[in-house]
Each structure stands twice: as structure tokens, then as C-alpha cells.
Amino acid sequence: MNHDQAHVLRTLCDTVVPALDRPDDADGFWARRATDVGADRAVLAMIAGLPAEQQQGFGGLLDALTAHGFGTAGQEGRERILDAVRQAAPEAAAGIHALTSMILMCTYGLTDAAGSNLFWARIGYPGPVPAGRPVAEPRITPLRPDGDLDLTADVVVIGSGAGGGLIAGRLAAGGARVVVLEAGRHRTEADFDQRELEAYQNSYWRGGPTPTADGNVTLMAGSGVGGGTVINWTNCIRTRDPVRRQWAAEHGLTGVDTPDFDRHLDAVWRELSVTDRCSEFNRIHEAMRRGADALGWSFATVHRNWDEKLHDPAIAGHLGFGDRSGAKRSTLKVYLEPAVLEHGARVVDGCRVERILVSGGRAAGVVGRAGGHRVTVTAPTVVLAAGALESPGVLLRSGIGGPAAGQHLRLHPCTVTLGDYGTDMRGWWGAPQAALVDEFAAVEEGYGFLLESVQYTTGLGASALPFTTAAEHKQAMADFRNTGSFIGLVRDRGHGRVVLDAAGDTVVRYDLTDEVDVRNTRRAIEAEIRLHHAAGACRIQLFAQDLPAWQQGDDLAAYVARAREVPLRAGGATLFAAHQMGSCRMGADPATSVADPRGELHDTPGVWIGDASAFPTSSGTNPMITVMALASRTAEHIQDAL
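**Considering the overall build of the protein**
A tally of helices and strands in the protein yields 19 helices and 23 strands. For the protein, whose C-alpha radius of gyration is 24 Å, the value lies close to the compact-globule estimate of 26 Å for 642 residues. Expressed along its principal axes, the backbone C-alpha trace of the protein runs to roughly 75 × 60 × 50 Å. Going through the 642 residues of the protein one by one, you find that 60% of them count as buried. The contacts of the protein with a sequence gap of at least 6 include a subset with a gap of at least 24, amounting to 75%.

**Overview of the packing of helix α3 (residues 52-67) against helix α5 (residues 90-109)**
Their axes nearest at 10 Å, the elements α3 and α5 cross at an angle of 95 degrees. By the criterion of interaxial angle, the relationship of α3 to α5 is roughly perpendicular. Here α3 contributes Phe58, Leu61 and Leu62 to the contact with α5, which in turn contributes Ala92, Gly95, Ile96, Ala98, Leu99 and Met102.

**Re the sheet that holds strand β12 (residues 373-378)**
Taken in spatial order, the 4 strands make up an open sheet running β1-β12-β11-β10, and their pairing is mixed. In this open sheet, the two strands that pair with only one neighbour each are β1 (149-152) and β10 (351-359). Between one strand axis and the next, the sheet turns by 20 degrees as a mean value, whatever way the strands run. As judged from the 8 bridges shared by β10 and strand β11 (residues 362-370), these two strands associate in the antiparallel manner. When the sheet's bridge partners are listed, Arg352 is paired in β11 with Arg369.

**A closer look at helix α8 (residues 196-203)**
Burial in α8 covers these residues: Glu196, Leu197, Ala199, Tyr200 and Ser203. Here the buried residues of α8 occupy an arc of 165 degrees about the axis, which is enough to place them on one side.

**Some remarks on the pairing of β12**
Two elements, β1 and β12, share 4 bridges in a ladder whose sense is parallel. Residue pairing for β12: Leu149 is matched across the bridge by Val375. Relative to β12, β11 runs antiparallel, the two being bridged by 6 bridges. Residue pairing across strands places Ala370 opposite His373, the latter belonging to β12.

**Comments concerning the sheet that holds strand β2 (residues 155-158)**
Spatially, β9-β3-β2-β13-β23 is the arrangement adopted by the 5 strands of the open sheet, whose pairing is parallel. The open sheet is flanked by β9 (346-349) and β23 (607-609), the only strands paired with a single partner. Neighbour to neighbour, the strand axes of the sheet diverge by 20 degrees on average, direction disregarded. Pairing geometry for β2 and strand β3 (residues 178-182), over 4 bridges, is parallel. Residue Ile158 lies in a different strand from β3, and its bridge partner there is Leu181.

**A look at the nonpolar core**
Formed by 77 residues in total, the largest nonpolar core has its most connected members in Val178, Leu181, Val377 and Leu395. No other element matches helix α19 (residues 624-641), which puts 9 residues into this core. Not counting residues within four places of it along the chain, the set of residues in contact with Leu395 comprises Ile356, Leu384, Ile400, Gly401, Ala405, Cys584, Val594, Leu601 and Ile609.

**Remarks on the packing of aromatic side chains**
Geometrically, a pair of aromatic rings is defined through the distance of the ring centres and the angle of the planes. Enumeration over the complete set of coordinates arrives at 12 aromatic pairs. Between Tyr125 and Tyr456 the ring centres are 5.2 Å apart and the planes differ by 40 degrees, which places this aromatic pair in the tilted class. In this pair, Tyr125 sits in the loop between α6 (120-123) and β1 while Tyr456 sits in the loop between β16 (449-453) and α15 (459-464), placing the two residues 331 residues apart along the sequence. Both residues of the pair, Tyr125 and Tyr456, count as buried. The interplanar angle of 45 degrees and the centroid separation of 5.6 Å between the aromatic rings of Tyr456 and Phe480 together place this pair among those described as tilted. Of the two residues, Tyr456 is situated in the loop between β16 and α15 and Phe480 in the loop between α16 (470-478) and β17 (483-490); the sequence distance between them amounts to 24 residues. Exposure class is identical for Tyr456 and Phe480. Each is buried. Here a set of aromatic residues connected by ring pairs shows up, and it is made of Phe29, Trp30, Tyr108 and Phe119. Over the ring of Phe29 we find Arg122, and its NZ or CZ is 5.9 Å from the ring centre.

Thresholds applied
- Residues numbered from 1 in each chain as written.
- Predicted model: local features only at pLDDT ≥ 70, side-chain atom pairs only at ≥ 80, totals over all residues.
- Heavy atoms only, no water.
- Helix = DSSP H or I, 4+ residues; strand = E, 2+ residues; numbered from the N terminus.
- Rg over C-alpha atoms; globule rule 2.2 N^0.38 Å.
- Buried < 20%, exposed > 50% of the residue type's maximum accessible area, 1.4 Å probe, protein only.
- Contact = heavy atoms within 4.5 Å.
- Axes fitted to C-alpha atoms, helices over the stretch in contact; angles between N-to-C directions.
- Parallel < 35°, antiparallel > 145°, perpendicular 65-115°, else oblique.
- Pairing = 2+ DSSP bridges.
- Arc of directions from axis to C-beta.
- Core = buried A, V, L, I, M, F, W, Y, C linked by side-chain atoms within 4.5 Å.
- Phe/Tyr/Trp six-rings, centres within 6.5 Å; stacked < 30°, edge-to-face > 60°.
- Lys NZ or Arg CZ within 6 Å of the ring centre and 35° of its normal.

Here you go:
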């Protein structure tokens, strides 16, 4: 990015978050600009880390702003220019939205050396919470090669999350020589500082919230030793019976609808120390219960994989940034650490697997790179568990997996609705998901949605709040402490896909167009709004472009009707997805599935799918328990094969 473009970007930052003159500004919130907290430098660094094509696109967009006189106009003029450029073309609108989101995330999420942000005093966010006890030191040390590395094993596991970590632990305990290759890094309590942007950069796929290639959905996925189980919100739900019956009857997964699968569910539940005794309700959950009671809807306390002895609800509120307390029962703690310490398994972190090696038509190992060095593992059994966004990429780069590789991607797309309750909701306290409403879990043909809450964040929260004018957005952040969010998590029947770009990296595309999914998403939007209203919210805002908030006294039915008509794509409703499934699915038909009902590839014996990409359909629930029970089942099949 050249000097002129960087100058326009700085001007854009202070246009999105400008200095405003307000008489009652004791802490300087209104007078403070984005550049006062270094947002411009942070956004420049983010852009510098993007692929060259995207950097060029942003540069062209900044040049277009310059050509419209953006750099010399006043605040109102700059906002008019932004609107004009946004309306010029869909690509320009997407670019402006992306830049605005990055600026807002950095402005309200950046921290100084003391771990604070100057905007937080007005927002009412206290910031990171000190651990109440000494922070545990790492128990294992991954291999980090300083040259090319050649290893031999019985089994090589690609990925270490909910599925891969469990399978590695099971097979190592059974006597197999196991090597685990993980693209992310090994991070533990000693590394977790509860800073939002640092957590995204270090523990999330591609550095945090990442839009699909079409801009329709923002993806959140874990990356690191232990995968998503290290940074997820510990919502443990057993696989629902209708889903199990569907997988058995329609996709050939024999036994998943019988007590034999209950055995796997029970084992995982026990090993993770799942409990509902560490699910205190914060004020957002209390509002959810109050609204559900008023509407007569089902309401339940969430079970969580958590160590009661180490529980601290204040620290639990930040667990999406890594659990500093050590209470989270992740696959790192439950399966991987014992696999290494007790059974000799080896873990290589920072290793991107390029392809699976095949000899004589069956698995022979894998090859990847770590720290610029080549890593080769020779093994007759390969478990692919890199997550539903990356597992298909490994297959596609390897030329195996058949025609279904990368197809049938499910995301559980979520809409978000914010309620203002006129009082400090202290949303940063307590587990992010301690309760849910499952009234509509199977409202149509076994498909429906859950109503849940989300983790409190200042950066992502600011970036997701619809941006109309700078003054309106700043007012929304000034009132942010009084708000709480509900999401509608839809069990999607339709699907997206994962393909490769010219560099061999995965590209995700997803259109929410299936007629059942559209109806259920619109039902979810209405349910979120009505839940807030019944709970006593005085202001309700669907996260969507060009839809003003409902204010107390407005016609609620009219607002619901307008909200239900918002387009479910880029430029309309904001859609998030933290559950990625099905892109290497199991099934009986090689034309429509990648792996057989046991988990082994149809076309390449010795290669097994061990993560959520194996799901034949979406689960309709937070998927961790289902991933792990299915992985436990697959591990037994692998042991039989060994």
C-alpha cells in the first residue's frame, strides 16, 4: 500500500470513528478517534497479511475514495462519499463493509501494554480478569523442526481438535505409534491473556472472523493444538435421536441409532467431566429465561465440559479467548497430553499438511511443511481431521476423496439480534452459553433452530453492529453495556462447498437459498426479536444493513415483518458460523460421500475421516459432543483395521 493510500485509510478510520463534540464527555469517549488507539496501524497490518489480490482490491477502493475528494472533505462529505462509492457496485459495497468492520474491530478491540483500551471506560468493560491462582505451565512440548523432518508411525493424524485429538488419544492408548500434525500452535493457560485480537490471531483459523469468498457468512474456527475445543464455548449437547435415525436410515451409518452409539456418547460425556453445575446465569441468560417463561417456550441450562474445582465464572466469560483458569476439559488436556506423556505420541505444531501420500492405491503417509522445513511421516494409516474447512483441501491437493470432496458443507448459519435493556448487563461475566431455548429445534421436517447467547466482545461486537452513520454507531457503542445478544442457530438442509484457489488454499462458498433454511432463518429472526421483547428490551436491533432498530412504542409486528424480509446474504442480514460440518461426509454412496459408513475413504483404503467434516448432514446442535462420539466410533473401526 503506497503513501497516499495509507493516508486515505487513516482518514477513513477517523471517519468511521470520529471525534464528536459532546458536552458530557468526562472520559473522552466522544472526542476520541480511531487513530488515537492505533486502529490505522492495526488495519494496515491486517491488510498487509492478506493475499496480494485482496491487497490490490483494497488499494483500488482507497484510490476511488481519493478520486471522489475523500481526503479533503469534511465529516458529512466523507460519509456521503462512502455512501456513493458503496452504491456504485456490489464489489465496492463489500469492500467498504470489510474496511469499516476492520476499523471498528481494531478501534474497540485493541489493547495497550496494560491490557486495556481507552474506549472501555464508557463501555463498562473491565478487561482481562487476573487468574485467582498460579497459571499452569505447559505439560507437553511439540516438535518444532529446525530442518527437514522424517518420521515413521503406525498412524498419522492430521489435526488435533475434537475428532483428531480424541482419535490420537484412543489409538495411542491402544498401543499404536501416533504422530499428530497440527497447523496451529500449542498454546495453554500460560499464553492466554484474554485479549481479543491477539486471541483471534493466535488461536483462530486465518486470524479470526473470516468471510466466505462470496461475503455471505463470517466464519469462526479454532486453530491450534486441541483445535476448536480450546476456544469454543463448552456447550455440550448429545446428538439428537432424529438426526441419528436419519444418518442410519438415509446414509448407512449402521448403529448410530442404537445403544451402541450411546456407549460412545456416554464415554465422551464422562471423560470430559460434563456438568451443569458451572453454568451460572449472567443477566443476558436471565433475560432469556424471563422471555422464554413469558412466551411459554422451552428453556434449558447448558451442560459444559468443565472442571468444577477450577471454576471461576469471571474467567469463564473470556473462554473464547482461551481459558486461563485451566478448567476447560479440551481434547488437549483430556486426550493429547496423556497420549504424549503416557503413550509416546509425538505432536508437530505449525505444520501445514500439503498432501496425503498414496502407494499401491492405499495410504502411505503425509507430507507437509513446518517453519519452512519439509515434514514427511511414513505411516500406513492416515486420519484426516483438519476441520471441515481444511480437510477437503488436503484431499483435493492429494487427488483423492472422489467427487464429493469439498461438497455438502454445512455451517449452522446464525443471525444475531441485540436487545438494549436500559441497565448494565455485565455480559462479560459468566460462561457465554449457559442456557438455550430449544422450542423450535425441529420445527419443519426435522430441521429448525436453537436460540442461544454469545460471548461478550468489544471488537467483534463493534464490527458486527450495523453501521449507518458514525454518530449513530458511536452512540450504539456508548450504550453497549446495556445490551445482550441472542442468536438463531439454524440446522441447515442446504449446503455450500470448499474448493481450491490457484495457490492450493481452500476457498469457501455458501449461499443460504434452500427453501427450508430460508423459512427457518426468518422464523429464527422473529423468535429472537420476540424473545428480547418479552424479556423487557427497550430497543431491539437485528444485525442487518439498512434496517433501523425497533424502539419501545414502535409497532413490534411491523418491525418483525420488515426484519423477516431482509436478504439473507452479503448486504443484508449479518450471518455468522462457528460450526463447520459435512465437507468430507460419510455415507454408503461413493458418488455423494467421501468416506464409507465406518469413516474410511471409498477410494483410498487406510485414509479415515475423523472430524466434523464426516457428518452426513448438519447436526442441529453445538457439534462437539457429536464430533467426539463419532470419532470414538471411528477410532474403534481403525483399531479393528490395525
